[in-house]
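# Working through the structure, step by step
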Amino acid sequence: MSKIKKWFVYLLFAILVVTQIYPLFWLLMYSLKTNEEILSGSFFSLPIVPQWHNYAEAYTSGSYLKYLGNSVLVTTVTLLAVIILSSMTAYAIARFRWKYGPYVMLLFLLGMMIPMQATLLPLMIIFKNLDLLDTRWSIIIPYTAFALPIAVFILSNFMRSIPTDIEESAFMDGASVYRIFRSIILPISLPPVMTVCILTFINIWNEYIVAATFISSENLKTLPFGVYTFVSQYSVNYGNIGAFLVMGALPVLIIYFILSERITKGMVAGAVKG
């Protein structure tokens, strides 16, 4: 029975691997086909002759570098804002004794239940009144706000597991609260901080609905908008679209594979220890 269970687990994992990897493989094959091959309905076939020039056209005609630069800028500012705000908030909730701490944490937990798309109309009105529409801040602010709840949840759970003796010793040596937070708590909390960074990065890198709602200037559009470069009134270049999607997904895949171990450790540290 133990061998049967073992093989069943292996089979289950094999199915999961195939279902997760095959879409990426299919997208890669899609990007190497001609329009005729794609429109013929042979979705599962390999390309007859790999069309590597699709990538060159996606890079040049799709203004890849411009959209990539906008995405990198928005993502970097969002990550910095999320790390700074969530770490300070989590530290206050986890280590300070104040009667409103549990209620503040409850508000953040409730924030995890609200989808970003449900706030588009009120945000549109607010940003219009503040003259923030069609600026990078109109997407950085929502991205930061909706990334904070899960970030605070992960970091606060981890910070509760840090022994208080470390802070007490530093306080006795004359260190201030800000010095303790900056020099002790943040370095110890690096694993869950990395997890927060990766989760936030994955969620906002290819986000389209919020960016399409608040951004209209061509110079401010992010990477997902590059796909529409290959869509005209009478034709669609599917191969170039596939190549652009592959290039857009590459940064996420590279960062995830490099930091996958840190993500796992951070999730365990932020959830189990708490």
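Procedures and definitions
- Residues numbered from 1 in each chain as written.
- Predicted model: local features only at pLDDT ≥ 70, side-chain atom pairs only at ≥ 80, totals over all residues.
- Heavy atoms only, no water.
- Core = buried A, V, L, I, M, F, W, Y, C linked by side-chain atoms within 4.5 Å.
- Buried < 20%, exposed > 50% of the residue type's maximum accessible area, 1.4 Å probe, protein only.
- Helix = DSSP H or I, 4+ residues; strand = E, 2+ residues; numbered from the N terminus.
- Contact = heavy atoms within 4.5 Å.
- Expected span 1.5 Å × (residues − 1).
- Bend = angle between axes of the 7 residues up to and from the residue.
- Patch = residues over 30% accessible without salt bridge, like charges linked within 9 Å, V, L, I, M, F, W, Y side chains within 5 Å.
- Areas by Shrake-Rupley, 256 points an atom, 1.4 Å probe, with all protein chains shown as cover.
- Salt bridge = Lys/Arg side-chain N within 4 Å of Asp/Glu carboxyl O.
- Phe/Tyr/Trp six-rings, centres within 6.5 Å; stacked < 30°, edge-to-face > 60°.
- 1 Å grid on protein atoms, 1.4 Å probe; cavity = no way out; pocket = protein on both sides within 12 Å on 5 of 7 lines; lining within 4 Å.
- Points joined across faces, edges and corners; volume = space filled by probe spheres on them.
- pLDDT = per-residue confidence, 0-100.
- Polar contact = N/O pair within 3.5 Å; in protein donor to acceptor, adjacent residues only side chain to side chain.

Grouped together as the largest cluster of nonpolar side chains are 35 residues, with contacts concentrated most on Ile139, Tyr143, Val210, Phe214, Leu223 and Phe244. Contributing elements (two or more residues each) for this core: α1 (2-31), α3 (53-61), α4 (64-95), α6 (120-129), α7 (137-160), α10 (190-205), α11 (209-214) and α12 (238-271). If one sorts the elements of this core by residue count, α12 sits on top with six residues. With residues near it in sequence (within four places) discarded, Val210 still touches Met116, Leu120, Ile139, Pro142 and Tyr143. The next biggest cluster of nonpolar side chains, apart from the first, holds 21 residues, and it includes Val82, Ile154, Ile162 and Ile180.

Taking 1.5 Å per residue as the helical rise, α7 with its 24 residues ought to reach 34 Å, and the 33 Å between its terminal C-alpha atoms agrees with that figure. Along its length, α7 shows its largest kink, about 35°, at Leu148, and proline Pro149 lies within four residues downstream of that point. Of all 24 residues in α7, 17 are buried, a share of seventy percent or more.

A few words on a nonpolar patch on the surface. A cluster of nonpolar side chains, Trp7, Phe8, Val9, Tyr10, Leu12, Phe13 and Leu16, forms an exposed patch at the surface whose accessible area comes to about 780 Å². Counting through the fold element by element, Leu16 comes out in helix α1. The class for Leu16 is partly exposed, based on a relative accessible area of 43%.

Moving on: the packing of aromatic side chains. Enumeration according to the criterion identifies 13 aromatic pairs in this entry. Consider the rings of Tyr59 and Tyr64, whose centres lie 6.1 Å apart with planes at 40°: the pair is tilted. By relative accessible area, which is 9% here, Tyr64 ends up buried. Grouped by ring-pair contacts, the aromatic residues Tyr59, Tyr64, Phe230 and Phe244 constitute a single cluster.

The full count for this structure, using the stated rule, is two cavities of 30 Å³ or more. As a volume, the second largest cavity reaches approximately 40 Å³. Every residue lining the second largest cavity is listed: Ser71, Val74, Thr75, Tyr143, Ile204, Trp205 and Thr222. Elements with a contribution of two residues or more to the lining of the second largest cavity: α4 and α10. When residues in the lining of the second largest cavity are grouped by element, the largest group, three residues, is from α4.

Now for the confidence of the model for the protein. Confidence along the protein averages 85 in pLDDT terms, with 93% of residues attaining 70 or more. Note that pLDDT drops below 50 for residues 270-274; the model gives that stretch 10 contacts with residues more than four away or on any other chain.

The final tally for this structure, using the stated rule, is two salt bridges. The closest approach of N and O atoms between Glu218 and Lys66, which form a salt bridge, is 3.8 Å. One end of the pair, Glu218, is in the loop between α11 and α12; the other, Lys66, is in helix α4, with 152 residues separating them in the sequence. On the accessibility criterion, Glu218 (37% relative accessible area) is partly exposed. The structure contains a network of salt bridges with shared partners spanning Lys66, Glu218 and Lys221.

Attention now moves to the environment of Tyr67. Along the chain, Tyr67 turns up in helix α4. We classify Tyr67 as buried; its relative accessible area is 3%. Beyond its immediate sequence surroundings of up to four residues, Tyr67 is in contact with Gly62, Glu218, Lys221, Thr222, Leu223, Phe225, Gly226, Thr229 and Phe244. Side-chain polar atoms of Tyr67 contact the side chain of Glu218, separated by 2.3 Å.

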